[in-house]
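Listed here are the chains, written in short residue letters.
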Amino acid sequence: MPAPRTASDERPAEHAEAPAAATAGGGRTVALVTLGCARNEVDSEELAGRLEADGWKLTEDASDASVVLVNTCGFVESAKKDSIDTVLEAADLKKDGGVTQAVVAVGCMAERYGDQLAGALPEADAVLGFDDYEDIAGRLRAILAGEKHTSHVPRDRRKLLPLSPAARQSADVAVPGHGSADTAAAAVPEDLPEGVAPASGPRTLRRRLAGGPVASVKLASGCDRRCSFCAIPSFRGSFLSRRPTDLLDEVRWLGGEGVREIVLVSENSTSYGKDLGDIRLLETLLPELAAVDGIERVRVNYLQPAEMRPGLIDVLTGTDGVTPYFDLSFQHASEPVLRRMRRFGSREAFTGLLEQVRAKAPEAGARSNFIVGFPGETEEDVAELERFLTEARLDAIGVFGYSDEEGTEAAGYDGKLPDEVVAERLERVSRLAEELTAQRAEERIGTEVTVLVEEITDIAEDGTVTAEGRAAHQAPEIDGLTMLVGRDLEVGTFVRALVYASEGVDLYATAAEPAHAVLDDPADPDSASAGPAR
């Protein structure tokens, strides 16, 4: 575990967000700060739902909260540092003599390190694990009352579920975002506050925090794969699917709350259903989710290339309302490196998979992440990766430099590369990735895209509306935006648009409906409609 840092002058992590939720003031108030991925955001909304059902008031302003609840990320070193800095910043509110009485850490870092984090970070009044989520309101009440919470001793959560996937559904294990039928039902009051819903019938509570027309939905949790570089299964546990009925109930509720696009998230979406007796259950579920009233776009994140199957490709590319979008976890393209990573595939296999997808949906979106500098990686391995990236025509590429993660197999590997070599390869491959994704965006110029309008940025005197949104190949927060101009544009609507320019991974488009607008090239600094620098 990294040593805690003293409070710094750095701003909180860019991906940290406070809830856009209920009114503060009076009684128990709580501010939720979420760091990390979309899965953490879903967990925060479960915590918010449970707290508000217990009478807590949610506030956007941490300085107005009696408790600041920091949902931490424990994925990589930079994310851990962000989590520690955010806890320290929240602790400063107590020193200022305001209303803040307690700072509590939850989330992946809290679960992963437990009592170790509590001992190393005394600025936090408590460190709560996943087992505490079910009674989060009671835990916070006790902390405010001055009771000492004993943090859990970290354990491998994979061992909490049966080895056989078929036996897992009946196991009594706390899984954030899943709930427990009996205990969650007992925790749901008869009269829920407005905006709080039993997201899956009586199974769990959820309170939307960010608002807007897009919401993530947890498809499953945990992972049964044993990638040598990844520690996530040890603190998120073995793979466990949510039942289709629970997912459908939650999506129906979200549709009624104004959500138009749902993003299915998990650690491994392609494994969905294997513990429910049907590894092809996702193919059946997706059309049902797309048919829910109000939902017009369904997107699936976190697909494992080794588990892709023809039937799933058919559903993802040929189902109305399901976006032909492929978030594929390649990680590398050199076979020797992939085998050391405990992964399958090769440059040829990955290129063939993308060819299968584009044969059915030529404009399908595709993205992936890659690790460079893995132990034993040679210049020939990097050249193979660069060759694949050049062939793949991905819309978005994330590149990370390898670093040891505690408790992983790779941390004990020989052949570690010097930091300067990892940094050089990271810079080189990242630069190539930027060039290639910009080229891919340019290929979309002249094509028609369907854009979900998410924000109105300007309304001109002549009624021309400028908006930001996302086309089908652009997932929230990670794949760029589409800047859109037209008339009568409204947040939450889908608009057909013609792409006329690009800048990096971002697109510029004019609305084909409800109206056309002609603009100059945003890349031209002398243009009156030059796009924002990004």
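Residues numbered from 1 in each chain as written. Predicted model: local features only at pLDDT ≥ 70, side-chain atom pairs only at ≥ 80, totals over all residues. Heavy atoms only, no water.

Okay, the packing of helix H8 (residues 244-256) against helix H9 (residues 281-290) next. Look at H8 against H9: their axes get within 11 Å of each other, and the N-to-C directions meet at 25°. Taken as axis vectors, H8 and H9 run roughly parallel relative to one another. As for how H8 packs across H9, the hand of that crossing is right-handed. Residue-level inspection shows Pro-244, Leu-247, Leu-248 and Val-251 of H8 in contact with H9, the latter providing Leu-281, Leu-285, Glu-288 and Leu-289. The residue makeup of the contact of H8 with H9, split by class, is seven nonpolar, no polar and one charged. (Axes fitted to C-alpha atoms, helices over the stretch in contact; angles between N-to-C directions. Helix = DSSP H or I, 4+ residues; strand = E, 2+ residues; numbered from the N terminus. Parallel < 35°, antiparallel > 145°, perpendicular 65-115°, else oblique. Left-handed = near helix turned anticlockwise from the far one by under 90°. Contact = heavy atoms within 4.5 Å. Nonpolar A, V, L, I, M, F, W, Y, C, P; charged D, E, K, R; others polar.)

Glancing now at the sheet that holds strand E15 (residues 396-401). Pairing is parallel across the open sheet formed by three strands, whose spatial order is E13-E14-E15. Both edges of this open sheet fall to strand E13 (325-327) and E15, since each of them pairs with a single strand only. The sheet shows a mean angle of 10° between the axes of neighbouring strands, direction not considered. Across six bridges, strand E14 (residues 365-372) lies against E15 in parallel orientation. Residue pairing across strands places Phe-370 opposite Val-399, the latter belonging to E15. (Pairing = 2+ DSSP bridges.)

With that settled, the discussion passes to the UniProt feature "binding site: [4Fe-4S] cluster 2" (unreviewed entry) in the protein. As recorded in UniProt, the feature "binding site: [4Fe-4S] cluster 2" (unreviewed entry) lies at Cys-223, Cys-227 and Cys-230. Judged by its relative accessible area of 13%, Cys-227 is buried. With sequence-adjacent residues up to four places away left out, Cys-227 is seen in contact with Met-341, Arg-342 and Arg-343. Take Cys-230: it is sitting in the loop between strand E9 (220-221) and helix H7 (232-236). (UniProt positions renumbered as here; feature names shortened; annotations may be inferred. Buried < 20%, exposed > 50% of the residue type's maximum accessible area, 1.4 Å probe, protein only.)

With that settled, consider the packing of aromatic side chains. Enumeration over the complete set of coordinates arrives at nine aromatic pairs. Considering the side-chain rings of Phe-130 and Tyr-133, the 5.5 Å spacing of their centres and the 80° angle between planes classify their relative orientation as edge-to-face. There is no split in this pair, since Phe-130 and Tyr-133 are both buried. Taken together, the ring pairs in this structure connect Phe-330, Phe-350, Phe-370 and Phe-388 into an aromatic cluster. Above the ring of Tyr-302, the side-chain terminus of Arg-39 is found at 4.6 Å from the ring centroid. Over the aromatic face of Tyr-325 sits the side chain of Arg-299, whose NZ or CZ is 4.6 Å from the ring centroid. (Phe/Tyr/Trp six-rings, centres within 6.5 Å; stacked < 30°, edge-to-face > 60°. Lys NZ or Arg CZ within 6 Å of the ring centre and 35° of its normal.)

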